[in-house]
Amino acid sequence: MIYRNIVLFGIWLLACLKYGKGITITAIAYSQNGAAGVYTVIANEFNKYSIKNNLNITLEVNYFSKLNSTGYVNDYEMMLEILLKQKSTKYDLYFYDNVFSIKYGPYLEDLRKWIPSEHFKIYESGIASQSCVYGKKWVGLPINIDITFLYYNHNYLNKYDKKVPTTWDELFETGKYIMNEEKKLNNTDIVIYNGLFSKAEIGTCSLYEFIYSYRNKIDSPIPELLSKETQEALEMIKKIKDELSNDEIFQSNEAFSGSKFSSNQFLFQKFWYFPSITAYNFTLLPGRKEGISGSVIGGFNLGINKYINEEHRNAAIIAFKFLTSKELQKKIVLENNIISAIPSLYEDNEVCSFLNCNIFKKVQLVNRPTNKMYDYVDYSNKFREYIYEYLYGNETASDVLEKIDDLTRIHYFSINPKDNIIGFVIFILITILIILMILSLIFLFIDKFKICFKFLPIELWFFVVIGSCLMMSALYTELGEIKLYKCYLKPLFLCIGYTINIIPILYKLIINFPDKNKFSVWVFNHKFIFLSIFIILDFISSGLFLISPYNVETKKIYDEKKYHICIGQNYFGVIIVGMMLLFRIMIFICIMVLIFIEWNIRETYYDIRFLISAIFTDLLCYAIILMLKYLNVKDLNYVIYFIIYAIINITFSVSNYIFLYAFKVYIIIFIKHKKGKILLNNVSSFNSSRNMKIKIKNEYNRASLSLYQKIINYHYIKSVESFNTICSGNNISINNSNRCNINMNNISSSNVINSNA
């Protein structure tokens, strides 16, 4: 071997002297996997091919092992990830475990950009289309694959005249019979089935291929985790373990199984294909039904580093094409007993004279769940851990499968009752409430009820009711999958909804101010402009979120369940929210001051009291929401948080609707005869015991009063001239747009109010 390498080096050196300086490309491989010896062989084959074709390219393979690993990197896969993320150009080619195509895919070349499509056709019909693809990119091709088979001890089968099982039920029945017969002969050392359900990665392989073998048809995909087939597969594994084996045997590693091959003390063993095991025959692993089987693949792919320069990339492409060619794959199958991922090789007569092609053609391969999570290792560990809680513990199969499903499932509140009853109930509830609220607007046009709605013009009552509907509609953005557009719609619905719900009330309070003033007159004459100002401010503030855009992020919340959450990308969004809250606090303060000032005005006596009820309910809802955020309830239990939030939202919207609008209808419908009109038009003297008159005389010098004294004086005023009355005076003209144009110079600065009027 040494002489051979010296000769090859000499040939390469002479070629370099003759044809000029060549290029050396470097590959990295793991020295402790089953195909490690092949890497040197195929590198030498390429170097001979390069010399023969005057390519001036030399391939070197560096091996990663425990001897040359550093204190910072103790794992081959981790080292590759670090190199790739750092955009290292140290290595041109990477030999990597096929479970990491998703993890390494972003850093490897899209091979179809550089290699003709004909090169991929020989692989496409096989497992490579699952194990070598990242998104729509082919980022590698298999150098070799590993397959598991069922090895059987023909001595015991012949002894008891039993056939090789093709289903798990047959394996169980045959194993049960032979185990009982051997016990009669005091043979308690025989292993009926080893399982290989250990804590290592082979455990995941064993579980996954067992589940795959429980699909209904040969061309069906692996059963869903929460399906009946998957649960039945786990139940069969436990049945075999409990009745034919034990925890210790099932949890043993490959070394234990190897010892049983040596001692001849086994009936059935699931194991990787090893050409060196020649004393025993092997067959396909059994399935739920005859003709259905399953085998998880192992093995290594070859990929090209996308960060190398053009010269190295071109050389790496030439090497890659040769290393993954059908000719070289056939050569290593014949000379090195490697399993190839090229299906058509098992139609080749020369290969089939060396291998049992019939069984290799029938093997039903499945890739491990590498696309479930970016960190496949973490997923695989938890996959095993949870299933073993059932297999070796006291958990139920359905519970552990749900826990595994939660590792990758994005939960949301679906409106489909089969998926989530909470989302369905809330959807139905808010839809019914919104429909009823909109339909109730019909009362505005019924003569019997018009007396109820003198507080505001009809068009503003529409705003009040639609505002409540919009606020409640924000809950729709919480139902179904969370999309980016929903992150922007939610605050918009809440802001616009609350604005058009409450600003008409502010409008009424301003124009009802006891002292007529320019601002009140302007608001009266420009009510839609007044309302539009607030709506425009809401649109602007909501639009500012585009400067600090949302992201839909996956967050693990409560009991390992994952949800999509709208999260702002920077603190500017927090500032916007703070400004919006401050703006609403200022509106609240203005409304509360005006409510206090107009508290005793008889014309709006009950309207003011219903309004204060709505305001206090709103404040209570705000306080609860702030408390939920402070206590971080969302992270502790997202379902409870959502239910409370939905209740608060509905309470907020419905209470505003009831106190501002619906209660007026209630009075007319449920309070009979003259009582309703009395409540709506007259208020008995609540301060009759004092029997006093409050006069604000013309000659009274208001300028001498403090702001506090003015507010207190206003508070006790019991009547105010309506704008309708003012507009009927000689100093007013009404234009075509029904706006009241008031000459402030002709309006007396004082009003005489009689509490007994």
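Residues numbered from 1 in each chain as written. Predicted model: local features only at pLDDT ≥ 70, side-chain atom pairs only at ≥ 80, totals over all residues. Heavy atoms only, no water.

Enquirer: For this particular structure, what's the right way to read the packing of helix 19 (residues 421–439) against helix 21 (residues 458–473)?
Expert: The angle between the axes and the distance between the axes are what describe a pair of packed helices. Interaxial distance between helix 19 and helix 21 falls to 9 Å at its minimum, and their mutual angle equals 170°. On the basis of their axis angle, the class for helix 19 and helix 21 is roughly antiparallel. Where helix 19 abuts helix 21, its residues Ile-430, Leu-433, Ile-434, Met-437 and Ile-438 lie against Val-465, Ile-466, Ser-468, Cys-469, Met-472 and Ser-473. Considered class by class, the residues forming the contact of helix 19 with helix 21 number nine nonpolar, two polar and no charged. (Axes fitted to C-alpha atoms, helices over the stretch in contact; angles between N-to-C directions. Helix = DSSP H or I, 4+ residues; strand = E, 2+ residues; numbered from the N terminus. Parallel < 35°, antiparallel > 145°, perpendicular 65-115°, else oblique. Contact = heavy atoms within 4.5 Å. Nonpolar A, V, L, I, M, F, W, Y, C, P; charged D, E, K, R; others polar.)

Enquirer: Would you take a moment to explain helix 12 (residues 254–263) for this structure?
Expert: Think of an α-helix as turning once every 3.6 residues; residues three or four places apart then point the same way. Here helix 12 has its buried residues at Ser-257, Lys-260 and Phe-261. For helix 12, the buried positions fall inside an angular range of 105° around the axis, keeping them on one side. Among the exposed residues of helix 12, those pointing more than 90 degrees away from its buried face are Ala-255 and Ser-262. Contacts made by the buried residues of helix 12 are with strand 7 (148–152), strand 8 (191–193) and strand 9 (266–272). The positive-phi residue at the C-terminal boundary of helix 12 is Asn-264, with phi of around 65°. (Buried < 20%, exposed > 50% of the residue type's maximum accessible area, 1.4 Å probe, protein only. Arc of directions from axis to C-beta.)

Enquirer: What am I meant to see in the pattern of salt bridges here?
Expert: For side chains bearing opposite charge, pairing can occur when the charged atoms are close. Tallying each qualifying case throughout the model produces 27 salt bridges. Between Lys-403 and Glu-389 there is a salt bridge, with the nearest N and O atoms lying 2.9 Å from each other. Linking Lys-403 in helix 18 (residues 397–408) with Glu-389 in helix 17 (residues 376–391), this pair joins segments that are 14 residues apart in sequence. Residue classification places Lys-403 among the partly exposed residues on the basis of a relative accessible area of 29%. Since its relative accessible area comes to 24%, Glu-389 is described here as partly exposed. The partner of Arg-409 in a salt bridge is Asp-405, and the shortest N-O contact between them spans 2.3 Å. Residue class for Arg-409 comes out partly exposed when judged on its relative accessible area of 39%. Among the residues examined, Asp-405 registers a relative accessible area of 9% and is labelled buried. (Salt bridge = Lys/Arg side-chain N within 4 Å of Asp/Glu carboxyl O.)

Enquirer: What exactly am I supposed to notice about the packing of aromatic side chains here?
Expert: Two aromatic rings are characterised by how far apart their centres lie and by the angle between their planes. One pass over the structure, following the stated rule, counts 56 aromatic pairs. Where Phe-413 meets Phe-642, the ring centres are 3.9 Å apart and the plane angle is 15°; that geometry is what we call stacked. With Phe-413 in the loop between strand 14 (410–411) and helix 19 and Phe-642 in helix 28 (residues 638–670), the pair connects residues that are 229 residues apart, well separated along the chain. With respect to burial, Phe-413 and Phe-642 carry one shared label: buried. By way of ring pairs, the aromatic residues Phe-149, Tyr-151, Phe-261, Phe-266, Phe-271, Tyr-273, Phe-274, Tyr-280, Phe-282, Tyr-346 and Phe-360 are connected into one cluster. Residue placement shows Lys-162 over the ring face of Tyr-177; its charged tip is 4.5 Å from the ring centre. Across the ring face of Tyr-390, the terminal group of Lys-238 is positioned such that the distance to the ring centre comes to 4.6 Å. (Phe/Tyr/Trp six-rings, centres within 6.5 Å; stacked < 30°, edge-to-face > 60°. Lys NZ or Arg CZ within 6 Å of the ring centre and 35° of its normal.)

Enquirer: Just checking my understanding: could you explain the state of the cysteines for this structure?
Expert: Linking two cysteines covalently through their sulfur atoms gives a disulfide. A complete count under the given rule lists two disulfides for this structure. Residue Cys-352 pairs covalently with Cys-357 via a disulfide, S to S 2.2 Å. Measuring handedness by torsion sign, the sulfur bridge of Cys-352 and Cys-357 sits at about -105° and is left-handed. Judged by its relative accessible area of 29%, Cys-352 is partly exposed. Residue Cys-357 is classed as buried on the basis of its relative accessible area, which comes to 5%. Shown here is the disulfide that connects Cys-487 with Cys-566, its sulfur atoms set 1.9 Å apart. (Disulfide = S-S within 2.5 Å.)

Enquirer: Looking at this model, I keep getting lost on the layout of surface pockets. Mind explaining?
Expert: Unoccupied space between atoms shows up once a probe the size of one water molecule is rolled over them. The computed volume of the largest pocket comes to approximately 1700 Å³. Contributing to the lining of the largest pocket are 48 residues, with Lys-490, Leu-494, Val-577, Ile-625 and Lys-629 lying nearest its centre. For the lining of the largest pocket, the secondary structure elements donating two or more residues are helix 22 (484–511), strand 15 (550–557), strand 16 (561–568), helix 25 (571–597), helix 26 (605–630), helix 27 (633–636) and helix 28. Broken down by element, the residue count for the lining of the largest pocket peaks at nine residues, all from helix 25. For the lining of the largest pocket, the per-class residue count stands at 30 nonpolar, ten polar and eight charged. (1 Å grid on protein atoms, 1.4 Å probe; cavity = no way out; pocket = protein on both sides within 12 Å on 5 of 7 lines; lining within 4 Å. Points joined across faces, edges and corners; volume = space filled by probe spheres on them.)

Enquirer: Sorry, what's going on with the sheet that holds strand 2 (residues 57–64) here?
Expert: Paired through backbone hydrogen bonds, the strands of a sheet run either parallel or antiparallel to each other. Across the sheet, five strands lie side by side as 2-1-3-12-6; this open sheet has mixed pairing. What marks the edges here is a single partner per strand, and that holds for strand 2 and strand 6 (141–146). Taken pair by pair, the neighbouring strands of this sheet meet at an average axis angle of 20°, ignoring direction. Judged from the five bridges that link them, strand 3 (residues 93–97) and strand 12 (residues 298–304) form a sheet pairing that is antiparallel. (Pairing = 2+ DSSP bridges.)

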